[in-house]
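A closer look at the structure
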Amino acid sequence: MIDLKFAKKILNILLSSGGDYSEIFAQKRLLNNFRLEDSKIENLTSGFELGCGLRLIYNDSTFYAYIDSLNKDKILNAAKILKSAVNQNQKIKVLNLTEKHADISIGKVEKYPSETFQDEKIKLLFSTDKAARDCSKEIIQVTCRLSDLEEEVFIANSLNNFLFNNTVKVFFAVNVIAKRNDQIRTGYKSYAKI
């Protein structure tokens, strides 16, 4: 995503006009949402987000820039523009970035959501709908929802810290409504995997 040598360069550019603190936040996200209701797909959305935020702090002021790209030239240009917000004595700071770890339980990803075609995800929703309806003739409505997210985050700052985090989340939920005579009952089950 962003290599450490480039991160140090950007952080130092931001501090070069006298800033007290600089930070990089880069993110890449891929997400999908599927909803099946009454045995038909009611909603299907997919998205891709990519960008880099730069922050510069001087005294009590905070200056921020955002680029919807991870292109090095664009990030470099944004850093040069952002540093002009502070016009003080030049500081030279030697950065030796040290990796920090988030307190997150990390499991092994057997298959990334992006490796599964949308058709397979839709088939899962329809087979779940059928299985729920096959349980009883009293089932009058089934709603299934499948969401997945793949996210990469890189953070580095002038306090000599950096963090790289890769997150994969999958959420699956089924809501079933049954009716017997004039009584209606609802059942719900969800499963999340991080």
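Let me sum up the structure you'll find in this document. From a predicted model like this one, the values you see are computed outputs, not experimental measurements.

Some remarks on the overall build of the protein
Along its length, the protein carries three helices and seven strands. Ordered by position from N to C terminus, the α and β elements of the protein give α-β-β-β-α-β-α-β-β-β. Computed over C-alpha atoms, the radius of gyration of the protein comes to 24 Å, more than 25% over the 16 Å expected from 2.2 N^0.38 for 194 residues, which places it beyond the range of a compact globule. Taking all 194 residues of the protein together, 35% fall into the buried category. Pairs at least 24 residues apart make up 63% of the contacts formed inside the protein by residues separated by at least 6 positions.

Some words on the pattern of salt bridges
Applying the stated criterion to the full structure yields eleven salt bridges. Where Lys-72 meets Asp-3, a salt bridge forms, and the shortest distance between an N and an O atom there is 2.8 Å. Placement of the pair is Lys-72 in helix H2 (residues 72-83) and Asp-3 in the segment before helix H1 (4-15), with a sequence separation of 69 residues. Of the residues examined, Lys-72 reaches a relative accessible area of 41% and is grouped as partly exposed. Taking relative accessible area as the criterion, Asp-3 reaches 33% and is therefore assigned partly exposed. Arg-133 is paired through a salt bridge with Asp-129; the nearest N and O atoms lie 3.1 Å apart. Remark: Asp-129 and Arg-133 occur in helix H3 (residues 118-134); sequence separation between them is four residues, near one turn of the helix. The class for Arg-133 is partly exposed, based on a relative accessible area of 24%.

Topic: unusual backbone geometry
Even without a glycine there, the phi angle at Ser-39 is positive, about 60°. Take Ser-39: it is sitting in the loop between strand E1 (21-37) and strand E2 (40-58). The class for Ser-39 is partly exposed, based on a relative accessible area of 34%. Despite not being glycine, Asn-181 shows a phi value in the positive range, around 55°.

Concerning the packing of H1 against H2
The contact between H1 and H2 brings their axes to 8 Å, and the two run at 20°. Overall, the two elements H1 and H2 adopt an arrangement that is roughly parallel. Seen from above, H1 lies across H2 with right-handed handedness. Contacts between H1 and H2 pair Phe-6, Lys-9, Ile-10, Ile-13 and Leu-14 from the former with Lys-72, Ile-75, Leu-76, Ala-79, Lys-80, Leu-82 and Lys-83 from the latter. For the contact of H1 with H2, the residue count by class is eight nonpolar, no polar and four charged.

A word on H3
With 17 residues, H3 extends 24 Å from end C-alpha to end C-alpha; this agrees with the ideal 24 Å at 1.5 Å per step. Of the residues making up H3, those classed as buried are Lys-121, Ile-122, Leu-125, Thr-128, Asp-129 and Ala-132. Here the buried residues of H3 occupy an arc of 120° about the axis, which is enough to place them on one side. Exposed residues lying more than 90 degrees from the buried face of H3 are Asp-119, Lys-123 and Asp-134. In this structure, the buried side of H3 is in contact with E1, E2, strand E5 (139-157) and strand E6 (161-180).

Looking at H2
With twelve residues, H2 ought to run about 16 Å at 1.5 Å a step, and its terminal C-alpha atoms sit 16 Å apart, in line with that. All of the buried residues in H2 are Ile-75, Leu-76, Ala-78, Ala-79 and Leu-82. Each buried residue of H2 lies within a common arc of 160° when the element is viewed along its axis, so the set occupies one face. Turned more than 90 degrees away from the buried face of H2 sit Asp-73 and Ile-81, all of them exposed. Where H2 is buried, its residues contact H1, E2 and strand E3 (61-67). Capping of H2 at its N-terminal end is provided by Asn-71; its side-chain oxygen lies 2.9 Å from the backbone amide nitrogen of Asp-73.

About the thresholds
For every chain, the first residue of its written sequence is number 1, and the numbers climb from 1 along that sequence. Side-chain atom pairs in this predicted model are given and counted only at pLDDT of 80 or more, local residue features only at pLDDT of at least 70, and totals for whole chains, interfaces and linings cover all residues. The side-chain values count all of the structure's non-hydrogen atoms but skip hydrogen atoms and water molecules. Counting from the N terminus, the helices are the DSSP runs of H or I reaching at least four residues and the strands are the DSSP runs of E reaching at least two. What the globule rule says is 2.2 Å times the number of residues to the power 0.38, and the radius of gyration is computed from C-alpha atoms. Between buried and exposed lies partly exposed: a residue is buried under 20% and exposed over 50% of the maximum accessible area for its type, with that area taken using a 1.4 Å probe on protein chains only. Residue contacts are counted whenever heavy atoms from the two residues lie within 4.5 Å of one another. Counted as salt bridges are all cases of a side-chain nitrogen of Lys or Arg within 4 Å of a carboxyl oxygen of Asp or Glu. As a rule, the C-alpha atoms of each element are fitted with a line to give its axis, helices using only the stretch in contact, and angles between N-to-C directions run from 0 to 180 degrees. Reported orientations rely on four angle classes, namely roughly parallel under 35 degrees, roughly antiparallel over 145, roughly perpendicular from 65 to 115, and oblique for the rest. Crossings are assigned a handedness: left-handed for a near helix turned anticlockwise from the far helix by less than a right angle, right-handed for a clockwise turn. Each residue gets one label: Ala, Val, Leu, Ile, Met, Phe, Trp, Tyr, Cys and Pro are nonpolar, Asp, Glu, Lys and Arg are charged, and the others, such as Gly, are polar. Here a helix's expected span is defined as the number of its residues, less one, multiplied by 1.5 Å. Along the arc lie the directions from the helix axis toward the C-beta atoms. Polar contacts, as used here, are pairs of N or O atoms within 3.5 Å; protein pairs need one atom able to donate a hydrogen and one able to accept it. Residues neighboring in sequence count only if both atoms are side-chain atoms.

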